[in-house]
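# A structural walkthrough
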Amino acid sequence: MTSRRKPRRAREIERPREPTLAARVRELTGLSWNRARDLCRSGRVRVNGEITRDPALRIPEGATVEANESAPRERRGVLPDARILFADRSVAVVFKEAGELTVPYDDERDTLVDKLRAALRRRGKGFDPQLGIVHRLDKGTSGILVFARNLAAKRHLAGLFRSHDIERRYEALAHGHAALTSHESYLIANRGDGLRGSWGVFRKPLGKRPKDARWSRTHVLKAEPLRGASRLTLKLETGRQHQIRIHLAEAGHPLVGEHVYIRDHERAGRRTIDAPRPMLHARSLGFVHPDRDEMMRFEAPPPADFQQLLKQLRSRTDPQRDPPRT
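Keep in mind that what you see is a predicted model, and the values were worked out from it rather than measured. (Residues numbered from 1 in each chain as written. Predicted model: local features only at pLDDT ≥ 70, side-chain atom pairs only at ≥ 80, totals over all residues. Heavy atoms only, no water.)

### Describing the overall build of the chain
- Broken down by element type, the chain carries seven helices and 14 strands.
- A buried classification covers 45% of the 326 residues belonging to the chain.
- In the chain, of all internal contacts separated by at least 6 residues, the share reaching a separation of at least 24 is 65%.
- Summing over all exposed atoms, the chain offers an accessible surface of approximately 18,600 Å²; the carbon and sulfur share of this is 46%. (Helix = DSSP H or I, 4+ residues; strand = E, 2+ residues; numbered from the N terminus. Buried < 20%, exposed > 50% of the residue type's maximum accessible area, 1.4 Å probe, protein only. Contact = heavy atoms within 4.5 Å. Areas by Shrake-Rupley, 256 points an atom, 1.4 Å probe, with all protein chains shown as cover.)

### Considerations on unusual backbone geometry
- Even without a glycine there, the phi angle at His-164 is positive, about 60°.
- For His-164, a relative accessible area of 33% translates into the label partly exposed.
- With phi around 60°, His-242 is a residue other than glycine that occupies positive phi space.
- With a relative accessible area of 19%, His-242 lands in the buried category.

### Things to note about the sheet that holds strand S2 (residues 50-51)
- Read from one edge to the other, the open sheet built from three strands follows the order S2-S1-S3, with strand pairing classed as antiparallel. The two strands at the open ends of the sheet, each matched to only one other strand, are S2 and strand S3 (65-67).
- With two bridges connecting them, strand S1 (residues 45-47) and S2 associate as antiparallel partners. Across the sheet, residue Arg-46 finds its bridge partner in S2, namely Ile-51. (Pairing = 2+ DSSP bridges.)

### Observations concerning the confidence of the model for the chain
- Of the residues in the chain, 88% have a pLDDT of 70 or more, and the chain-wide mean is 86.
- By mean pLDDT, the top-scoring element of the chain is strand S13 (residues 280-288) (98), and the lowest-scoring one is S2 (79).
- Here residues 6-15 is a poorly scored stretch, pLDDT under 50, and it has three contacts once near neighbours within four places are set aside; other chains count.
- Low confidence marks residues 318-326, where pLDDT is under 50. Its contacts with residues over four positions away, or in another chain, come to 13 contacts. (pLDDT = per-residue confidence, 0-100.)

### Quick notes on helix H5 (residues 243-250)
- Here H5 lies mainly inside the structure; seven of its eight residues are buried.
- By the burial criterion, the buried members of H5 are Gln-243, Ile-244, Arg-245, Ile-246, His-247, Leu-248 and Ala-249.
- Taken from the residues just after H5, Gly-252 is the one with a positive phi, measuring 90°.

### Topic: the pairing of strand S8 (residues 167-175)
- Among the nine residues of S8, seven are classified as buried, and the element is accordingly described as predominantly covered.
- Inspection of the sheet shows S8 paired to S13 by six bridges, in the antiparallel sense. Counterpart to Tyr-170 in the pairing with S13 is Ala-282.
- Sheet topology places S8 next to strand S12 (residues 229-236); seven bridges connect them, and they run antiparallel. Note on S12: the bridge partner recorded for Glu-171 is Thr-233.

### Digging into the pairing of strand S9 (residues 182-188)
- By the bridge criterion, six bridges tie S9 to strand S11 (residues 214-226) in an arrangement that is antiparallel. Across the sheet, the residue bridging to Ser-185 is Ser-216, located in S11.
- Relative to strand S10 (residues 197-198), S9 is paired through two bridges, and the arrangement is antiparallel. The residue bridging Leu-187 from the neighbouring strand is Ser-198, located in S10.

In C-alpha cells form, the structure reads like this:
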C-alpha cells in the first residue's frame, strides 16, 4: 500500500521592503549611519519636496530624496509659530507633522508636547509644566491636535471626547474603491495574531465579548475614485487607537502606505501602492471652548507628500476602467 505525501505548502515570497530614509541618504551622500540619521533629524532632508525627519521611514521607489549637508540645522525644541493655530490660557491648537511623536515614548525627546511647551514659554504665555493630553495622533499621521493648558480645560475637553461631542474629520488615501458607509465594531488589543482588530472579524468569536473590547464607529462621508485607490473623507464618532486604520483594512481598503494592517490585503494577492507613511491626515477639529461656551473649528489641508501622491493617483485615473462612484 502506497502512502500519499501531503503536498508542501508553497513558501510565501516576501516582498522586499523599501529602504529607510537613512539608507537613501547614505546612498546619496556616502555618510556614516549616525551622520545620515542626524541629517534627517536636523531637518536637512526632503522627500518629494517636504522636510522629513524620521530616519526609519520607508521610502518607496520613485520618491525624490534630497539631502543638503550645508543647509542650516533646524532649531529643535521649539514649535514654529506657523504650526500653532490658536493658543490662549486654556487651550492650544497645533498642527502635527507626519513622523512626529505627540508625547515622549521610551527615551524619545523633542516631541510635539515638548516643542509646544517651549514655544508657549517663549511667547510669554506661561510655562505649562504639564500640558494636558486629551487625544493623540499616530506618529505617521499629520493634522490638528488640541492640548489643555489647565486642569479645568482638560476635564472639559476630556468630557467632550467621552460624550463624542468633538468634531473630527480626516482625509485618507486607501486601497481600492471604498463605499460610503459606516464601520462599527468592538476593538480589541489582540485579534488572534498579535494585531489590534475588531472582535469576531479575524476569528470566529468564542464565548462572550471580552471586557476590554471598546465600541467604535467610523463614517465614510466622501469617496473619490482614483486609480486603484480612493480619497476618503472620514468622520470619527469614537477615537480608539488605530480605529480608522483597522476599520478600513477590515473592509478591504487599507491605507496607502499602511505597514501594519496590510497582511490580509497582501495575502490575498492584491496590488499594494507604496508610500513612505500611512496616508492619513486629521484635517479638521471642532470643540466647544471651555471658557467661552463657544464652538471653535480649525482646519488644515493635507501636507505636500499627501497632495503629491493624490495628484499621481488622479493622473492615472481611467474614466472607462474606474467609473465615478455614485
